[in-house]
Each structure stands twice: as C-alpha cells, then as structure tokens.
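One letter stands for each residue in the lines below.
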Amino acid sequence: MRFVQIVVLAGGTGGARFLRGVRAAAPDAEITVVVNTGDDVTLHGLRICPDLDTVVYTLGGGIDEERGWGRAGESWTVKEELAAYGADPDWFGLGDRDLATHLIRTRMLDAGYPLSAVTAALADRWQPGVTVLPMSDQRVETHVVVSDPETDRPRAIHFQEWWVRHRAALEASAFVQVGVDAARPAPGVAEAFAAADAVLLAPSNPVVSIGTILGVPDLREALLATPARIAGVSPIVGGAVVRGMADRCLPVLGIEVSAEGVGRHYGARSDGGLLDAWLVAPEDPADVPGVDVRQVPLLMSDPEATTALARAALDACRG
Ligand SMILES: O=c1nc2n(C[C@H](O)[C@H](O)[C@H](O)CO)c3cc(O)ccc3cc-2c(=O)[nH]1
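Let me begin by describing the structure that accompanies this report. Remember, it's a predicted structure, so these values are computed and weren't measured experimentally.

### Notes on the overall build of the protein
- From N to C terminus, the protein includes 12 helices and 14 strands.
- In terms of overall dimensions, the protein is globule-like: its C-alpha atoms have a radius of gyration of 19 Å, near the 20 Å expected for 319 residues.
- Projected onto the principal axes, the alpha-carbon positions of the protein cover approximately 60 × 45 × 40 Å.
- The buried share among the 319 residues of the protein stands at 54%.
- Within the protein, counting contacts between residues at least 6 apart in sequence, those at least 24 apart form 70% of the total.
- Accessible surface, the protein: about 13700 Å² in total, of which carbon and sulfur atoms supply 50%.
- Positive and negative side-chain charges in the protein, numbering 27 and 42 respectively, have mean positions lying 3 Å apart.

### Details of the side chain of Arg71
- Relative to the helices and strands, Arg71 is located in the loop between helix H2 (50–60) and helix H3 (77–84).
- Although buried, Arg71 forms no salt bridge, and the nearest oppositely charged side chain, Glu74, lies 6.0 Å from it.
- Within the structure, the side chain of Arg71 is placed 3.4 Å from the backbone oxygen of Gly62, a separation counted as a polar contact.

### Things to note about the side chain of Glu141
- Here Glu141 shows up in strand E6 (residues 141–147).
- Of the residues examined, Glu141 reaches a relative accessible area of 14% and is grouped as buried.
- A distance of 3.4 Å separates a polar atom in the side chain of Glu141 from a polar atom in the side chain of His158.
- Contact partners of Glu141, with chain neighbours within four places excluded, come to Gly38, Asp40, Val41, Thr42, Arg47, His158, Val176, Gln177 and Val178.

### So, the state of the cysteines
- Within this structure, the stated rule accounts for zero disulfides.
- Here Cys49 stays free of any disulfide, with the sulfur of Cys249 as its closest cysteine sulfur at 19 Å.

### Describing the nonpolar core
- Counting 53 residues, the largest nonpolar core has Leu9, Trp162, Phe193 and Val199 as its most contacted members.
- When near neighbours in sequence (up to four residues on either side) are disregarded, Trp162 contacts Val144, Val146, Ile157, Arg167, Ala168, Leu170, Ala172, Phe175, Arg248 and Cys249.
- Membership of the second largest hydrophobic core comes to 44 residues, among which are Phe3, Ala10, Val56 and Trp126.

### Considerations on the site of the ligand
- Around the ligand there are 13 residues in total, and Asp39, Trp69, Gly93, Gln160 and Arg167 lie nearest to it.
- Contacts to the ligand include Gln160, whose side-chain N or O atom sits 2.8 Å from an oxygen atom.
- Separating an oxygen atom of the ligand from a side-chain N or O atom of Arg167 is a distance of 3.1 Å.
- About the coverage of the ligand: the protein hides 87% of its 530 Å² of free accessible area.
- At the level of elements, H2 and helix H6 (159–165) are the ones that each hand at least two residues to the shell around the ligand.
- A breakdown of the residues in the shell around the ligand according to their chemical character gives seven nonpolar, two polar and four charged.

### Quick notes on the pattern of salt bridges
- Using the criterion set out here, one finds 13 salt bridges in the structure.
- For Arg67, the salt bridge goes to Asp64, with nearest N and O atoms at 3.3 Å.
- Using a relative accessible area of 16% as the deciding quantity, one classes Asp64 as buried.

### Focus on unusual backbone geometry
- Cis geometry is adopted by the peptide bond preceding Pro89, which originates at Asp88 and carries an omega value of -5 degrees.
- Counting through the fold element by element, Pro89 comes out in the loop between H3 and helix H4 (96–110).
- The residue Asp152 is not glycine, and still its phi comes out positive at about 65 degrees.
- With respect to the secondary-structure elements, Asp152 resides in the loop between E6 and strand E7 (154–158).

### Side note on the packing of aromatic side chains
- For the coordinates displayed, the defined rule picks out seven aromatic pairs.
- On the basis of an interplanar angle of 65 degrees and a centroid distance of 5.5 Å, the ring pair of Tyr57 and Trp126 is categorised as edge-to-face. With Tyr57 in helix H2 and Trp126 in helix H5 (residues 115–126), this pair connects stretches of sequence that are 69 residues apart. Each member of the pair, Tyr57 as well as Trp126, carries the same accessibility label: buried.

### What to know about the packing of helix H1 (residues 13–25) against helix H12 (residues 303–316)
- As a packed pair, H1 and H12 sit with axes 7 Å apart at the nearest point and diverge in direction by 75 degrees. By the angle between their directions, the pair H1 and H12 is classed as roughly perpendicular. On H12, the residues that touch Arg17, Phe18, Gly21, Val22, Ala24 and Ala25 of H1 are Thr306, Thr307, Leu309, Ala310, Arg311, Ala313 and Leu314.
- Looking at the contact of H1 with H12, its residues break down into eight nonpolar, three polar and two charged.

### As for the sheet that holds E6
- What the three strands build is an open sheet, ordered E7-E6-E8; its pairing is antiparallel. Since the sheet does not close on itself, it has two edges, and those belong to E7 and strand E8 (172–178), each with one partner. Across this sheet, the average inter-strand angle for adjacent strands is 30 degrees, counted without regard to direction.
- Bridge count for E6 against E8 is six bridges, and the pairing is antiparallel. Within E8, the position partnered with Thr142 by the bridge is Gln177.

Parameters and conventions
- Along each chain, residue indices are assigned from 1 in the same order as the chain's sequence is written.
- Side-chain atom pairs in this predicted model are given and counted only at pLDDT of 80 or more, local residue features only at pLDDT of at least 70, and totals for whole chains, interfaces and linings cover all residues.
- The side-chain values count all of the structure's non-hydrogen atoms but skip hydrogen atoms and water molecules.
- Put simply, DSSP marks the helices as runs of H or I at least four residues long and the strands as runs of E at least two long, and each gets a number from the N terminus on.
- As defined in this context, the radius of gyration uses C-alpha atoms, and a globule is described by 2.2 Å times the residue total to the power 0.38.
- For every residue, the accessible area obtained with a 1.4 Å probe (protein chains only) is divided by the maximum for its type, and the residue is called buried under 20%, exposed over 50%, and partly exposed between those limits.
- Throughout, a contact is declared for two residues whenever any of their heavy atoms are within 4.5 Å.
- Using a 1.4 Å probe, accessible areas were evaluated by the Shrake-Rupley method; residue-level cover was limited to the displayed protein chains.
- Positive residues here are Lys and Arg, negative ones are Asp and Glu, while His and the chain termini are left out of the count.
- To locate a charge, take NZ of a lysine, CZ of an arginine, CG of an aspartate or CD of a glutamate.
- We define a salt bridge as a side-chain nitrogen of Lys or Arg found within 4 Å of a carboxyl oxygen belonging to Asp or Glu.
- Within 3.5 Å is the distance limit for a polar contact, defined as a pair of N or O atoms, with the added protein rule that one can donate a hydrogen and the other accept it, and that residues adjacent in sequence qualify only through two side-chain atoms.
- Put simply, a disulfide is two cysteine sulfurs that come within 2.5 Å.
- Only buried Ala, Val, Leu, Ile, Met, Phe, Trp, Tyr and Cys residues count toward a nonpolar core, and they belong to the same one when joined by side-chain atoms within 4.5 Å.
- For this description, a residue counts as near a given molecule or strand if any of its non-hydrogen atoms is within 4 Å of it.
- Residues are grouped as follows: nonpolar covers Ala, Val, Leu, Ile, Met, Phe, Trp, Tyr, Cys and Pro; charged covers Asp, Glu, Lys and Arg; every other residue, Gly included, is treated as polar.
- In this analysis, rings of Phe, Tyr and Trp, with Trp reduced to its six-membered ring, are considered paired at centre separations within 6.5 Å, and the interplanar angle assigns stacked below 30 degrees, edge-to-face beyond 60, and tilted for intermediate values.
- Throughout, an axis means a line fitted to C-alpha atoms (over the contacting stretch in the case of helices), and angles, computed between N-to-C directions, take values from 0 to 180 degrees.
- Just so you know how the angles are binned, under 35 degrees is roughly parallel, over 145 roughly antiparallel, 65 to 115 roughly perpendicular, and the rest oblique.
- Here a strand pair is declared whenever DSSP counts at least two bridges between the two strands.

Laid out in structure tokens, this is it:
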C-alpha cells in the first residue's frame, strides 16, 4: 500500500528532521504537518513562531544545522545593536536573516491575515515540499509556573523565558496554555486528518509540543476520527531525551522519562488514547497495553537512518 495523504504532528527541531525522512520515504505522498505554536512569542514588537520557522527552514534548506533553529550563514548585527541600546530581552537571539521572516510575519498579521495564510506565504519562498499548518490561527502561548526565587511564590513566565533564558533549570509546577480555550484547529487541520491514510506523531516533546497541539479544542477529536492508523515515535532513546529538555517537562505531568512512560501517556487508541502503534528504540523495550509496539533504530544520525525511521513509522500505519 502506497500512502497518498500523510499527516504529521510536530514541534521544532526533532519534528523537522523527522519530516525530512517522511518526505524521502514517501516522495509521491501529500504530506501535511500540523505544527505547535505554543512556543510563539512577541519580542521587540515582532511575532516569532520558532517551531513553524524551524520546520520551514529545515525542509527548505535554510536551517542552521548545528543549532537546529534559525538561519544558516546568520549574522547578528541587529542583535548587537539592540544590546548596545540595552534593549530587553537580551537572552533571545534574533539573527539578521531570521529577522526578515519575523518582519514579514508581523506585517501580515497586523494587516489582518491569519497565521495559516502568513505561514503559507512564508513557505512559498522555501518550498518545503509539505503543507505546513499552524495548529491554530488563534494565539496560544505556553507559560510555565515556577517558584519565584525572590518571593518563593508561584509565578508564570513565558515558555521561551523558561527554556532559553533559564535552560529549563527552574523547577516547574505546571504548564499553562494561555489562550487555548478560545482556539480552534487552523483551516485544513481537521480536513487533513479526515483524508489521511497515515498519521504520525513525530519524536517531539510530548508535553510542550505534541501535548500543546492536542490541547486545542476539537483537534484531538478530529485526530481520533481519522480513518488512518496513528503511529508515534518515542523521543526517548536509551532512557534519555535525544535532544531538547523533555526530561524537564515530563515529570511535571507525572510522566516517567522512558519510552514506555511516554507511550502509556499517549495511550492506546482502543482505550480512548491516541496510538495504534508506538516506535521505540531496540534498547527500550516497552509494554504499552493495546498498542503495537515496534523496536526500531530511532537515532536520526544521517539522512539514511532518518528515512529508514520514517519508513518504519509508515509501515506501522499499515497494520
Ligand atoms: O536556545 C535558544 N534557542 C533559540 N531559539 C530556539 C527556540 O526558541 C526553542 O528551542 C524552541 O522554542 C523549543 O522548541 C530560537 C528560535 C527561533 O525561531 C528564533 C530565535 C531563537 C533564539 C534562540 C536563542 O537565542 N536561544
């Protein structure tokens, strides 16, 4: 069976790299990616959508491969000039090339275009080879409840401040998706699930990436109504996160930092959960009741390994 319509749920770097594999594994398929926008933030008056940009830059060949975010061949003149003015925040780096993306996005949003239309316009330059949809056109921002070191009282800070400024080192007690109650799936999201013959959960952060997407009202229901099988890829390999800081997020929701823990958190579709199949690394045997657990190499160490992983995930959607 050849897949015609594939939908992938993804966050930033890990999701974007996985998508390269999906594109290579199914070159003739129509691939739609539903991207987390809970990391989005407004800084220096500009709307920044890190995960959308990471997906588009990665698939369009513009990403800085080493950092996994922002543009290759970047320069930092504006950042240095902002620092010379003492402009806050000084902990978030916007490169000169990257700034053009945020300027265009902000101008289009201010002119009244929805984020989905802005994203399509930006993607037009990069030709990522997949349809890139934000999870929602409504603004949703993840905030993290931490204990204020000065007052010892709980305080919510923007996810980016927690992640980038504090490197997720401040103990978190909760994640709050500000605005999510008023959000709806972006145009095309429910339609993509309905038309899909394979749905994949990328090895992205289960809490602040995949979890945030699934928190959009009606989105989870639309996903579960898909006629396709749903296969997830564990972001945990050898009992540890491959990239990022999911190990700082999972315990906040009481999820064990293991392939089994994340698989059980997503749960079996036959039992009201999400998964028909769950891909774990050979070194991470996992018992997830009601789910077809498959052990395959998960490290996306080169294009061949990444394509093989995507192929295994698609195979798992064949049943
Ligand atoms: O660690 C950092 N991550 C930066 N990121 C990455 C990003 O904020 C996070 O890694 C994700 O939101 C988590 O997925 C950026 C992403 C962009 O699209 C644009 C600018 C930045 C800037 C930084 C930064 O200064 N430091």
